[in-house]
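# Understanding the architecture of this molecule
As a plain string of letters, each chain reads:
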Amino acid sequence: MDNELKRTLGVSDAVVVGLGAMVGAGVFAAFAPAARAAGGALLAALAVAAVVAYCNAHSSARLAARYPASGGTYVYGRERLGPFWGHLAGWGFVIGKTASCAAMALTAGAYLWPGREHAVAVAAVVAITAASYGGVQKSARIARLIVAAVLAVLAGVVVVCLSSGAAAPERLVGPHWTLFGLLQGAGLLFFAFAGYARITTLGEEVRDPERTIPRAVPLALGIALVVYAAVAVAVLSVLGVEGLARSAAPLADAVRAAGVPEMAPVVRVGAALAALGSLLALVLGVSRTVLAMARDGHLPRALAAVHPRRQVPHHAELVVGAVVAVLAATADLRGAIGFSSFGVLAYYAIANASAWTLDSAVKGRAVAAVGLSGCVVLACALPLASAVAGAVVLALGALAYGVRGRIRSGI
């Protein structure tokens, strides 16, 4: 078919794309709101988020090996549960992650040029869209450089904090927390782990997907978990839960508290790079989901076009880039973590429900059941405004599906 993509990504490429999304701006932005919610149970909230993420990753990897096509859970829901559930997953992903794209662009702008973040954000979107348009291999190479730089910055933060005289182990936990707060913190931290979906949405561009994706997904998730745990321990050890909860720039404040204020500008550059890495991975994931939905007529079929030479869904990428640029120029969506988390949790709930139907193996079904339950619980524990906004988006998606069905049937 002339709208199929070319398989060029290996295991290391897929891992880098996933890490670019996970070890992105979330590590610089998600800890403070999660600390405000979870209180002294922040590390426990991180563990809960990691467990749910593992279950989701396991289910997604099994599904991706069975259905190695662009679109991720949109495809899995369609094939295993029916067209409506696939549409709902794809709709929530595209809307929620488009908002996240704008949020990441604005985050980069705020770090690189405070006061001119909208202009910088638009320029960043144009640059990332151009890189994505150049081919998935080019995008993977850029992601590799960004991930290496961000990991170096984070390693520096961890070493500086843990080796300083300001570090105190007793700050890692606190007496003030509630179960609901722990779950809400886990839901907010889940935002940071959601990047492994980029690997599965690129399933049509991965070589030997039956082997590559099940290896790449848990590897990327495992590396991200180690990084997040190390950063959380390091920052808590110098700021404590209350200091972290109050901070607008936790990692920069942590290196200042550790007695190395000259490292704060390096952290700001690392945060900007991390946001750009997340933006690149998001554009790749959203455009591939748009491609899959356009193939089935849920979006205009012109968006299913694949560039004959670059082998990318160029119409989808350009439209996604244009929409994100407009949002980045006109709206401040940096507070969209909770809203994005709700959409992603709904997306993975459908993935786990789809994985349940694959076979009757006890392990596979147990993991899918835990993942599905965890997604529902964490989504319900999110801040009310985030949950309501996410539910409204899904309801609009269901309405759009119904209207499309009526138009097609001539009613």
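Residues numbered from 1 in each chain as written. Predicted model: local features only at pLDDT ≥ 70, side-chain atom pairs only at ≥ 80, totals over all residues. Heavy atoms only, no water.

### Focus: the overall build of the chain
Rules: Where helices and strands are cited, they refer to DSSP runs of H or I of at least four residues and of E of at least two residues respectively, numbered from the N terminus. Only C-alpha atoms enter the radius of gyration, while the globule expectation follows 2.2 Å times N to the 0.38, with N the number of residues. Think of it in three bands: with a 1.4 Å probe and only protein chains considered, a residue is buried below 20% of the maximum accessible area for its type, exposed above 50%, and partly exposed in between. Contacts are assigned to residue pairs that have any heavy atoms within 4.5 Å of one another. Throughout, the Shrake-Rupley method with a 1.4 Å probe supplies accessible areas, and for residues the shown protein chains are the sole cover considered.
Summing up its helical and strand segments, the chain has 17 helices and zero strands in all. The C-alpha atoms of the chain give a radius of gyration of 20 Å, which matches the 22 Å a tight globule of 411 residues would have. For the chain, the spread of C-alpha atoms along the three principal axes comes to 70 × 45 × 40 Å. Residues classed as buried in the chain amount to 60% of the 411 residues present. By sequence separation, contacts in the chain at least 24 residues apart represent 84% of the contacts at least 6 residues apart. Carbon and sulfur atoms make up 68% of the accessible area of the chain, which amounts to about 15200 Å² in all.

### Comments concerning the nonpolar core
Note the threshold: What makes a nonpolar core is a set of buried Ala, Val, Leu, Ile, Met, Phe, Trp, Tyr and Cys residues whose side-chain atoms join them at distances within 4.5 Å.
Core analysis: the biggest nonpolar cluster contains 143 residues, and Phe28, Phe31, Leu154, Leu189, Val231 and Leu279 have the highest contact counts within it. Discounting residues that sit within four places of it in the chain, Leu189 has contacts with Ala30, Phe31, Ala34, Leu42, Ala45, Leu46 and Ala49.

### Structural notes on the pattern of salt bridges
We count it as follows: When a carboxyl oxygen of Asp or Glu lies within 4 Å of a side-chain nitrogen of Lys or Arg, that pair is called a salt bridge.
With the rule as written, the count across this model stands at nine salt bridges. With its nearest N and O atoms 3.3 Å apart, the salt bridge here joins Arg211 to Asp208.

### Concerning the packing of aromatic side chains
Selection criterion: Only Phe, Tyr and Trp rings are paired, with Trp represented by its six-membered ring, and only when their centres lie within 6.5 Å; those with planes under 30 degrees apart are stacked, over 60 edge-to-face, the remainder tilted.
Tallying each qualifying case throughout the model produces six aromatic pairs. Residues Phe84 and Trp85 carry aromatic rings whose centres are separated by 5.2 Å and whose planes lie at 75° to one another, so their mutual orientation is edge-to-face. For the ring pair Phe84 and Tyr401, a centre distance of 5.4 Å and an interplane angle of 75° mean the geometry is edge-to-face. In this pair, Phe84 is assigned in helix α6 (residues 83-112) and Tyr401 in helix α17 (residues 384-409), connecting sequence segments 317 residues apart. You can call Tyr401 partly exposed: its relative accessible area is 23%. Three or more aromatic residues joined by ring pairs form one cluster here, namely Phe93, Phe190, Tyr347 and Tyr348.

### Considering the packing of helix α3 (residues 31-38) against helix α11 (residues 209-246)
Two packed helices can be described by the angle between their axes and the distance between those axes. The line we're drawing: Every axis corresponds to a line fitted to the C-alpha atoms, with the helix fit spanning only the stretch in contact, and the corresponding angles, defined between N-to-C directions, vary from 0 to 180 degrees. Orientation is classified from the angle alone, with under 35 degrees giving roughly parallel, over 145 giving roughly antiparallel, 65 to 115 giving roughly perpendicular, and any other angle giving oblique. Crossing handedness: left-handed means the near helix sits turned counterclockwise from the far one by under a right angle, and right-handed means the same turn made clockwise. Just so you know the grouping, Ala, Val, Leu, Ile, Met, Phe, Trp, Tyr, Cys and Pro go in nonpolar, Asp, Glu, Lys and Arg go in charged, and all remaining residues, Gly too, go in polar.
Running from N to C, α3 and α11 point in directions that differ by 60°, and their axes come no closer than 11 Å. Considering their axes alone, α3 and α11 lie oblique with respect to each other. Between α3 and α11 the crossing geometry is right-handed. Contacts from Phe31, Ala32, Ala35 and Arg36 of α3 reach α11 at Tyr228, Val231, Ala232, Val241, Leu244 and Ala245. Partitioned by chemical class, the residues of the contact of α3 with α11 number nine nonpolar, no polar and one charged.

### A few points about the confidence of the model for the chain
What counts here: You can read pLDDT as the predictor saying how much it trusts each residue, on a scale of 0 to 100.
When pLDDT is averaged across the chain, the result is 87; 96% of the residues are at 70 or more. Within the chain, helix α5 (residues 73-80) carries the highest mean pLDDT (93), whereas helix α10 (residues 197-201) carries the lowest (71).

### Focus on a nonpolar patch on the surface
Condition: Patch construction takes residues with relative accessible area above 30% that form no salt bridge. Like charges are linked within 9 Å, and nonpolar side chains (Val, Leu, Ile, Met, Phe, Trp, Tyr) are linked within 5 Å.
Together, Leu384, Val388, Val392, Leu396, Leu399, Val403 and Ile407 make up a nonpolar patch on the protein surface, roughly 690 Å² of accessible area in all. Take Val403: its relative accessible area is 41%, and that puts it in the partly exposed class.

### Examining the side chain of Ser132
Mapped onto the secondary structure, Ser132 falls in helix α7 (residues 117-133). The contact partners of Ser132, leaving out residues within four places of it in the chain, are Ser139, Val283, Leu284, Arg288, Val312 and Glu317.

### Observations concerning the packing of α6 against helix α14 (residues 314-330)
Two numbers describe how α6 lies on α14: the axes approach to 9 Å, and their chain directions differ by 55°. Taken as axis vectors, α6 and α14 run oblique relative to one another. Note that α6 runs across α14; the crossing there is right-handed. Residues Thr98, Cys101, Ala102, Ala105 and Leu106 of α6 touch α14, and the partners they reach there are Val323, Val324, Leu327 and Ala328. In terms of residue class, the contact of α6 with α14 is built from eight nonpolar, one polar and no charged.

### What to know about α7
Each turn of an α-helix holds 3.6 residues, which means side chains three or four residues apart point in the same direction. Let me state the cut-off plainly: Under the convention used throughout, the expected extent of a helix is 1.5 Å for every residue step, that is, one less than its residue count. The directions from the helix axis to the C-beta atoms form the arc being described.
Relative to the 24 Å expected for 17 residues at 1.5 Å per residue, α7 spans 24 Å between its end C-alpha atoms, a close match to the ideal helical length. Among all positions of α7, only Glu117, Val120, Ala121, Ala124, Val125, Ile128, Thr129, Ala131 and Ser132 are buried. Down the axis of α7, the smallest arc covering the buried residues is 165°, so these residues share one side. Opposite the buried face of α7, by more than 90 degrees, sit the exposed residues Ala119 and Val126. The secondary structure elements touched by the buried residues of α7 are α6, α8 (136-162), α13 (264-295) and α14. Two residues or fewer past α7, Gly135 is found with a positive phi of approximately 125°.

### Some remarks on helix α16 (residues 362-381)
Over its 20 residues, α16 runs 28 Å from end to end, which matches the ideal 28 Å to within 8%, given 1.5 Å per residue. If you check which residues of α16 are buried, you get Gly364, Val367, Ala368, Gly371, Gly374, Cys375, Leu378, Ala379 and Ala381. Seen end-on, α16 carries its buried residues on one side only, within an arc spanning 165°. Across from the buried face of α16, at angles greater than 90 degrees, the exposed residues are Val362 and Cys380.

### What about unusual backbone geometry?
Non-glycine residue Asp208 carries a positive phi angle of around 45°. Along the chain, Asp208 turns up in the loop between α10 and α11. Residue classification places Asp208 among the partly exposed residues on the basis of a relative accessible area of 38%.

### A few points about the environment of Leu382
Assignment of secondary structure puts Leu382 in the loop between α16 and α17. Taking the C-alpha atoms as reference points, Leu382 and Gly187, 195 residues apart in sequence, are found 6.1 Å from one another.

### Details of the side chain of Ser237
Counting through the fold element by element, Ser237 comes out in helix α11. Exposure remark for Ser237: the relative accessible area of 4% places this residue in the buried category. Not counting residues up to four positions away in its chain, the partners in contact with Ser237 are Cys161, Leu162, Ala166, Ala167, Ala168, Arg171 and Leu172.

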